[in-house]
Amino acid sequence: MTMPPPEKPWEANHNVSVMCPDCREVPANIVEEFSSGDMVCGSCGLVLGDRIVDTRSEWRTFSNDDQAGDDPSRVGDAANPFLNGAQLETTISYTPGGAGRELHRAQNKTAGDKSTKGLLAAYKEIGAFCDSINIQKVVSDAAKQLFKIVDDHKAFKGKPQEAIIAGCIFIACRQCQVPRTFREIFALTKVPKKEIGRVFKALEKFFAAQDSKKMDEITKSGGIVDDSQQYKTTSSTKATELMIRYCNNLNLTQNCTTIAQELADRAATIGTLAGRSPISSAAACIYMVSHLMKQPKTAKEISTIAGVSDGTIRNAYKHLYIDRNKLIDLKWVENGKGDISALPSS
């Protein structure tokens with residue numbers, strides 16, 4: 001009897017690969033031509049991709065060529081769209097014992113911009129917060145853009161910067177359809193939930209007022225108002241918007257996640273969980289669906305992910321269990337996919 005090979009601690013994923021549709025060679029003979037920016041098949045010459053970015057470092061300089069001192073070296077940093085000004089200032093370097101000390105000090109006094117330094121510090125803090133909870137870069141950029149609007153108008157001077165950053169991150173998450181709760185933003189930024197709520201409401205009014213002024217100016221000048229550029233006031237978080245993240249953290253299948261979302265929509269329509277928070281509603285729906293679809297999760301497991309007590313989940317689930325005949329679609333459990341009798345009574 002042969003023993004199975006030992007499990008590997010990790011294994012590369014080879015499910016996604018680039019292949020020439022004409023040659024269909026395995027492995028494919030793919031050649032990246034950085035000079036032309038194309039990805040071509042080395043066997044038949046078919047172009048498989050264009051505009052390939054050369055990620056290699058380029059430290060060439062042409063300052064010694066006969067080009068009247070022209071230096072097309074491309075090692076400079078790109079302009080930051082979240083900062084003001086041309087961002088083309090020259091920095092005089094300084095080394096201990098060198099002759100440029102006085103020039104370096106004078107240049108720092110004239111070119112030092114406190115507002116830019118403050119923005120960079122705030123952007124660094126926003127990026128660190130978003131990276132710590134694995135939020136997409138688009139959310140981080142949206143939060144930075146919101147903070148820049150506040151800083152440009154010198155608004156909320158009496159508010160601490162940490163609260164403004166927390167409010168911008170909260171609004172950006174809602175705008176990008178990846179909402180986070182006040183409790184999660186508190187755990188991230190250590191700003192009290194009540195303070196986050198107050199700043200959030202103030203920021204919403206401020207952004208809406210600034211957008212209204214901007215649209216009025218465009219209309220008076222004869223321009224066309226683009227709906228995509230208007231600031232849209234965020235709506236309250238729904239249980240269905242939290243469901244995907246919670247189900248993924250609980251390792252539930254996609255089918256179970258979809259049914260949990262449908263159950264939350266039905267419960268909201270019927271009013272079974274009226275008056276309860278989206279977090280407790282989402283947790284109770286997941287608790288019910290996990291047992292219904294034969295992937296049972298305990299209330300304690302769900303409470304760890306959702307951040308509510310297991311007692312709150314059970315209390316909300318009791319209302320779902322009473323209305324189970326109205327809420328459960330028989331299509332969910334047909335052909336043995338689920339079992340209504342597996343639902344716990346409490």
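- As recorded by an unreviewed UniProt entry, the protein chain carries the name Transcription initiation factor IIB and is attributed to Choiromyces venosus 120613-1.
- Per UniProt, the comment on the protein chain under Sequence similarities (unreviewed entry) is "Belongs to the TFIIB family."
- Check the Subcellular location (unreviewed entry) section of the UniProt entry for the protein chain; it says "Nucleus".

Overview of the environment of Ala 202
1) Next: Inspection of the secondary structure puts Ala 202 in helix 6 (residues 193–220).
2) Next: As a C-alpha pair, Ala 202 and Gly 167 span 35 residues in sequence and 9.2 Å in three-dimensional space.

Overview of the pattern of salt bridges
Between side chains of opposite charge, a pair can form as their charged atoms come close.
1) Next: Throughout the structure, instances matching the rule amount to seven salt bridges.
2) Next: Arg 245 is the partner of Glu 184 in a salt bridge, and the nearest nitrogen-oxygen pair spans 2.6 Å. Taken together, the positions of Glu 184 in helix 5 (residues 182–189) and Arg 245 in helix 7 (residues 239–249) put the pair 61 residues apart, joining distant regions of the chain.
3) Next: Arg 314 is the salt-bridge partner of Asp 310, the closest N and O atoms lying 3.5 Å from each other. You can see Asp 310 and its partner Arg 314 sitting in helix 11 (residues 310–322), four residues apart, about one turn around the helix.
4) Next: Taking relative accessible area as the criterion, Asp 310 reaches 28% and is therefore assigned partly exposed.
5) Next: Where salt bridges share partners, they join Lys 159, Glu 195 and Arg 198 into one cluster.

Looking at the pairing of strand 1 (residues 30–33)
1) Next: Of the strand pairs in this sheet, strand 1 and strand 2 (residues 38–41) are connected by four bridges, and their pairing is antiparallel. Bridge pairing in strand 2 places Val 31 opposite Val 40.
2) Next: Two successive antiparallel strands, strand 1 and strand 2, enclose a turn made up of four residues, where Gly 37 displays a positive phi of approximately 75 degrees.

A short note on helix 6
1) Next: Helix length check: helix 6, at 28 residues, gives a terminal C-alpha distance of 41 Å against a target of 40 Å (1.5 Å per residue), a fit within 8%.
2) Next: Looking at helix 6, one finds that the buried residues are Glu 195, Ile 196, Gly 197, Val 199, Phe 200, Leu 203, Glu 204, Phe 206, Phe 207, Asp 211 and Met 215.

What about the sheet that holds strand 1?
1) Next: Ordered by their spatial adjacency, three strands build an open sheet running 1-2-3, and the pairing between neighbours is antiparallel. Each having just a single partner strand, strand 1 and strand 3 (47–50) make up the two edges of the open sheet. Here the average twist between neighbouring strands, direction ignored, is 20 degrees.

A few points about the environment of Asn 255
1) Next: Here Asn 255 is to be found in helix 8 (residues 254–270).
2) Next: Once the C-alpha coordinates of Asn 255 and Met 293 are considered, the two residues, 38 residues apart in sequence, prove to be 9.0 Å apart.

Points about the packing of helix 5 against helix 6
1) Next: Running from amino to carboxyl end, helix 5 crosses helix 6 at an angle of 110 degrees, the nearest separation of the two axes being 9 Å. Looking at the two axes, helix 5 sits roughly perpendicular to helix 6. Across the interface between the two elements, Phe 182, Arg 183, Ile 185, Phe 186 and Thr 189 from helix 5 touch Lys 193, Ile 196, Gly 197 and Phe 200 from helix 6.
2) Next: When its residues are assigned to classes, the contact of helix 5 with helix 6 shows five nonpolar, two polar and two charged.

Topic: helix 9 (residues 278–292)
1) Next: Here helix 9 spans 21 Å end to end across 15 residues, near enough to the 21 Å set by a 1.5 Å rise per residue.
2) Next: For helix 9, the buried fraction is high: 14 of the 15 residues fall into the buried class.
3) Next: Just downstream of helix 9 lies Lys 294, where phi reads positive at about 60 degrees.

Structural notes on the packing of aromatic side chains
1) Next: Summed over the entire model, instances satisfying the criterion amount to seven aromatic pairs.
2) Next: Taking 5.6 Å as the distance between ring centres and 80 degrees as the angle between the ring planes, the aromatic pair formed by Phe 156 and Phe 206 counts as edge-to-face. One end of the pair, Phe 156, is in the loop between helix 3 (137–152) and helix 4 (161–175); the other, Phe 206, is in helix 6, with 50 residues separating them in the sequence.
3) Next: You can call Phe 156 partly exposed: its relative accessible area is 22%.
4) Next: Assessed through its relative accessible area of 13%, Phe 206 is described here as buried.
5) Next: Ring geometry for Tyr 317 versus Tyr 321: centroids 6.0 Å apart, planes at 45 degrees, classification tilted. Here Tyr 321 and Tyr 317 lie together in helix 11, a separation of four residues that amounts to about one turn.
6) Next: Here Tyr 317 falls in the buried class, since its relative accessible area comes to 0%.

Basis of the calculations
Residues numbered from 1 in each chain as written. Predicted model: local features only at pLDDT ≥ 70, side-chain atom pairs only at ≥ 80, totals over all residues. Heavy atoms only, no water. UniProt positions renumbered as here; feature names shortened; annotations may be inferred. Helix = DSSP H or I, 4+ residues; strand = E, 2+ residues; numbered from the N terminus. Salt bridge = Lys/Arg side-chain N within 4 Å of Asp/Glu carboxyl O. Buried < 20%, exposed > 50% of the residue type's maximum accessible area, 1.4 Å probe, protein only. Pairing = 2+ DSSP bridges. Expected span 1.5 Å × (residues − 1). Axes fitted to C-alpha atoms, helices over the stretch in contact; angles between N-to-C directions. Parallel < 35°, antiparallel > 145°, perpendicular 65-115°, else oblique. Contact = heavy atoms within 4.5 Å. Nonpolar A, V, L, I, M, F, W, Y, C, P; charged D, E, K, R; others polar. Phe/Tyr/Trp six-rings, centres within 6.5 Å; stacked < 30°, edge-to-face > 60°.

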